[in-house]
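Observations on chain architecture
This is what each chain is made of:
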Amino acid sequence: MSWIDKELKRRAKEAEPVGRADTEAPDPVRIIGDLWQRLEQANAALPEALRLKLELVETPPRMGPHVRTWLRAPNDAALGFAGDAIRYTWPERNASRSRNFWIIWNADLERLELSQRIGSATPPVMRRWRFDARRIEQLLQGLVTSRQVKPRSLRKRRLWLF
């Protein structure tokens, strides 16, 4: 499906007016919302037996971020949509490093990023990678097959010799 997305982006870019104002800042809620829509569409394209369960949250939690919608796997791993971010949760705990991560919009660098807590220190030590939106299928495949998805496998790779 990645070639389809590339072709749609190319055609959308050609259709954009050339004189776009550089002062317009991208809307993070819209960008994350579009990414969530792509995740839901990819999930809907799966056969019924493999499809992740969609759960809507009616009552917000007392503490922490309010996740509105969850795509939940049979082993209780899940992707959650919080409006301005997407949350990945893995049910098994690890004492040294969190297995959960966020997909967020970095306004300073104007790109999607993966953010993971890698230490139990206070304040938390966070690690960030640039997110590759072409890896949505890999993210869903990990949930459907009950395999942990590591954030480093979803990052955008660079071609560097050193």
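What this report covers is the structure whose coordinates are included nearby.

Rules and cut-offs
Residues numbered from 1 in each chain as written. Predicted model: local features only at pLDDT ≥ 70, side-chain atom pairs only at ≥ 80, totals over all residues. Heavy atoms only, no water. Helix = DSSP H or I, 4+ residues; strand = E, 2+ residues; numbered from the N terminus. Rg over C-alpha atoms; globule rule 2.2 N^0.38 Å. Buried < 20%, exposed > 50% of the residue type's maximum accessible area, 1.4 Å probe, protein only. Contact = heavy atoms within 4.5 Å. Areas by Shrake-Rupley, 256 points an atom, 1.4 Å probe, with all protein chains shown as cover. Lys, Arg positive; Asp, Glu negative; His and termini not counted. Charge placed at Lys NZ, Arg CZ, Asp CG, Glu CD. 1 Å grid on protein atoms, 1.4 Å probe; cavity = no way out; pocket = protein on both sides within 12 Å on 5 of 7 lines; lining within 4 Å. Points joined across faces, edges and corners; volume = space filled by probe spheres on them. Nonpolar A, V, L, I, M, F, W, Y, C, P; charged D, E, K, R; others polar. Expected span 1.5 Å × (residues − 1). Pairing = 2+ DSSP bridges. Axes fitted to C-alpha atoms, helices over the stretch in contact; angles between N-to-C directions.

Details of the overall build of the chain
The helix and strand inventory of the chain stands at three helices and seven strands. Listing every helix and strand of the chain by position from the N terminus yields α-α-β-β-β-β-β-β-β-α. The C-alpha atoms of the chain give a radius of gyration of 17 Å, which matches the 15 Å a tight globule of 162 residues would have. The dimensions of the chain, computed from C-alpha atoms along their principal axes, are 50 × 40 × 40 Å. When burial is assessed residue by residue, the chain has 33% of its 162 residues classed as buried. Across the chain, contacts joining residues at least 24 apart in sequence account for 37% of those joining residues at least 6 apart. Summed over its atoms, the accessible surface of the chain is roughly 11400 Å², and 52% of this surface lies on carbon and sulfur atoms. The distance from the centre of the 31 positive side-chain charges to the centre of the 20 negative ones in the chain is 9 Å.

Regarding the layout of surface pockets
Considered as a void within the structure, the largest pocket measures approximately 1000 Å³ in volume. Lining the largest pocket are 27 residues, and of these Lys-9, Arg-30, Ile-31, Trp-105 and Leu-112 sit closest to its centre. Contributions of two or more residues to the lining of the largest pocket are made by helix H1 (2-15), helix H2 (28-44) and strand S6 (111-117). Forming the boundary of the second largest pocket are 19 residues, of which Arg-93, Arg-97, Ser-98, Arg-99 and Asn-100 lie nearest the centre. Tallied by class, the residues present in the lining of the second largest pocket amount to seven nonpolar, six polar and six charged.

A word on H2
Taking 1.5 Å of rise per residue, the 17 residues of H2 would be expected to cover 24 Å, and the 24 Å separating its terminal C-alpha atoms lies within 8% of that figure. Looking only at H2, the buried set comprises Ile-31, Ile-32, Gly-33, Leu-35, Trp-36, Leu-39, Ala-42 and Asn-43. At its buried positions, H2 is contacted by strand S2 (69-72), strand S3 (78-81), strand S4 (85-89), strand S5 (101-106), S6 and helix H3 (136-144).

Concerning the sheet that holds S4
Ordered in space as S1-S2-S3-S4-S5-S6-S7, the seven strands form an open sheet in which the pairing is antiparallel. Looking at the sheet topology across the chains shown, the edges are occupied by strand S1 (53-56) and strand S7 (126-130). Ignoring strand direction, the axes of neighbouring strands in this sheet form an average angle of 25°. Here S2 runs beside S3; their pairing, made up of four bridges, is antiparallel. Of the residues in S3, the one forming a bridge with Arg-72 is Ala-78. Across the sheet, H3 lies against S3, S4 and S5, angled at about 130° from S3, the strand it touches most.

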